[in-house]
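One letter stands for each residue in the lines below.
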Amino acid sequence: MKPRLFLIVITLLTTVVIYGQTSDNAVTGLLLSAYSERNYTADPVTDEQIDIILKCGIKAPSAVNRQPWKFTVVNDTATMKQAIPNIVQGNVIIVISGLVSQTGTTPDFDCGLATENMFVAAHGLGLGARIYTGPVRNVNLNRDLFQIPAGYNAVSLLRIGNVDKNVDAVSAATPRKTPEEIINYKK
Ligand SMILES: Cc1cc2nc3c(=O)[nH]c(=O)nc-3n(C[C@H](O)[C@H](O)[C@H](O)COP(=O)(O)O)c2cc1C
């Protein structure tokens, strides 16, 4: 093999191997491509999809494995609209609530991890999802309507729905800071 051709082959192989370790992987590929959808179709999310998503939430790690959360599934449009006005039929909201009287641990942080697990799970199933904390105060003020369990306060809401596959995911996603702005390596 000629040296130049050999170099090209090695370069290509190296690229394939490196790419395989980063983006060409189900989980990293999903994390690198997912974004928080704003627009949903009226196609319903199925009970089976919600079951899997909830199981992924239950599997989230938590401090001392206390699992200080409750998940409330809301799928009637009128109630959902009280929290997120532009909700559409077919959407489902999961309210993630944290244990109130938990001292020495981090229920809000743990609830965040459960929320993110379910956000990623929804995208893994080909659905759209968006996390909301803006409506949390309103949900806690109307805890009976949302059936928030006693002793828990809503921490976040996860909106799940079907998305129009023709929406351009790349331009829909908001940009991120550069690695240089965020990461420093201790020398
Ligand atoms: C903790 C948290 C709270 C959020 N609250 C809201 C909210 O109240 N309303 C909203 O429209 N989006 C909310 N978002 C969505 C973010 O605005 C969105 O994830 C961010 O802009 C990045 O967008 P992208 O994932 O599409 O790139 C929230 C996200 C997180 C993680």
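The structure presented is a predicted model; accordingly, all values stated were derived computationally and were not measured.

1. Re the overall build of the chain
Argument step 1. Helix and strand counts for the chain come out as nine helices and four strands.
Argument step 2. When the helices and strands of the chain are listed from N to C terminus, the series reads α-α-α-β-α-β-α-β-α-α-β-α-α.
Argument step 3. Long-range contacts, defined here as pairs at least 24 residues apart, represent 77% of the contacts in the chain between residues at least 6 apart.

2. A closer look at unusual backbone geometry
Argument step 1. Here the phi dihedral of Val64 falls at roughly 55°; this positive angle occurs in a residue that is not glycine.
Argument step 2. Here Val64 shows up in the loop between α3 (47-58) and β1 (69-74).
Argument step 3. The class for Val64 is exposed, based on 11 C-beta atoms found within 10 Å.
Argument step 4. For Gln67, which is not glycine, the phi torsion reads 50° and is therefore positive.
Argument step 5. Along the chain, the position of Gln67 falls in the loop between α3 and β1.

3. Looking at the packing of α3 against helix α5 (residues 107-124)
Argument step 1. Following both chains from N to C, one finds α3 and α5 inclined at 145°, their axes separated by 8 Å at the closest point. When the axes of α3 and α5 are compared, the crossing they make is right-handed. Residues Ile52, Ile53, Cys56 and Gly57 of α3 lie in contact with α5, whose contacting residues are Ala114, Asn117, Met118, Ala121 and Ala122.
Argument step 2. A per-class count over the contact of α3 with α5 returns seven nonpolar, two polar and no charged.

4. Structural notes on the pairing of strand β4 (residues 152-161)
Argument step 1. Burial of β4 is extensive: nine of the 10 residues sit out of reach of the surface.
Argument step 2. The pairing of strand β2 (residues 92-99) with β4 spans eight bridges and is classified as antiparallel. By the bridge assignment for β4, Val95 is matched with Leu157.
Argument step 3. Bridging between strand β3 (residues 128-132) and β4 involves five bridges; their strand directions are antiparallel. Pairing of Tyr132 across the sheet is with Leu157, part of β4.

5. A word on the nonpolar core
Argument step 1. Residues Ile93, Val95, Leu158 and Ile160 are the most contacted members of the largest nonpolar core, which totals 28 residues.
Argument step 2. Secondary structure elements with two or more residues in this core: α3, β1, α4 (77-83), β2, α5 and β4.
Argument step 3. Contacts of Val95, omitting those with residues within four sequence positions, involve Thr72, Val74, Val139, Phe146, Ile148, Ala154 and Leu157.

6. Describing α3
Argument step 1. Between its first and last C-alpha, α3 extends 16 Å over 12 residues, near the 16 Å set by a 1.5 Å rise per residue.
Argument step 2. Of the positions making up α3, those classed as buried are Ile50, Ile53 and Gly57. For α3, the buried positions fall inside an angular range of 65° around the axis, keeping them on one side. Projecting away from the buried face of α3 at angles above 90 degrees are the exposed residues Glu48, Asp51, Lys55 and Ile58.
Argument step 3. Lining the buried residues of α3 we find β1, β2, α5 and β4.

7. Comments concerning the sheet that holds β4
Argument step 1. With respect to topology, four strands assemble into an open sheet ordered β1-β2-β4-β3, the strand pairing being antiparallel. A single partner strand is all that each edge strand has here, and the edge strands are β1 and β3. The average angle at which neighbouring strand axes cross in this sheet is 25°, direction not considered.
Argument step 2. Here α5 sits on the sheet and contacts β1, β2, β3 and β4; the angle it forms with β4, its principal contact strand, is near 10°.

8. A word on the pairing of β2
Both faces of the sheet carry side chains from a regular strand, because those side chains alternate between them.
Argument step 1. Burial of β2 is extensive: eight of the eight residues sit out of reach of the surface.
Argument step 2. Sheet analysis places β1 next to β2, joined by six bridges and oriented antiparallel. Considered in β2, the bridge of Trp69 is made with Gly98.

Criteria and cut-off values
Residues numbered from 1 in each chain as written. Predicted model: local features only at pLDDT ≥ 70, side-chain atom pairs only at ≥ 80, totals over all residues. Helix = DSSP H or I, 4+ residues; strand = E, 2+ residues; numbered from the N terminus. Contact = placed C-beta atoms within 7 Å. Buried ≥ 20, exposed ≤ 12 C-beta atoms within 10 Å, placed from the backbone. Axes fitted to C-alpha atoms, helices over the stretch in contact; angles between N-to-C directions. Left-handed = near helix turned anticlockwise from the far one by under 90°. Nonpolar A, V, L, I, M, F, W, Y, C, P; charged D, E, K, R; others polar. Pairing = 2+ DSSP bridges. Core = buried A, V, L, I, M, F, W, Y, C linked by C-beta atoms within 7 Å. Expected span 1.5 Å × (residues − 1). Arc of directions from axis to C-beta.

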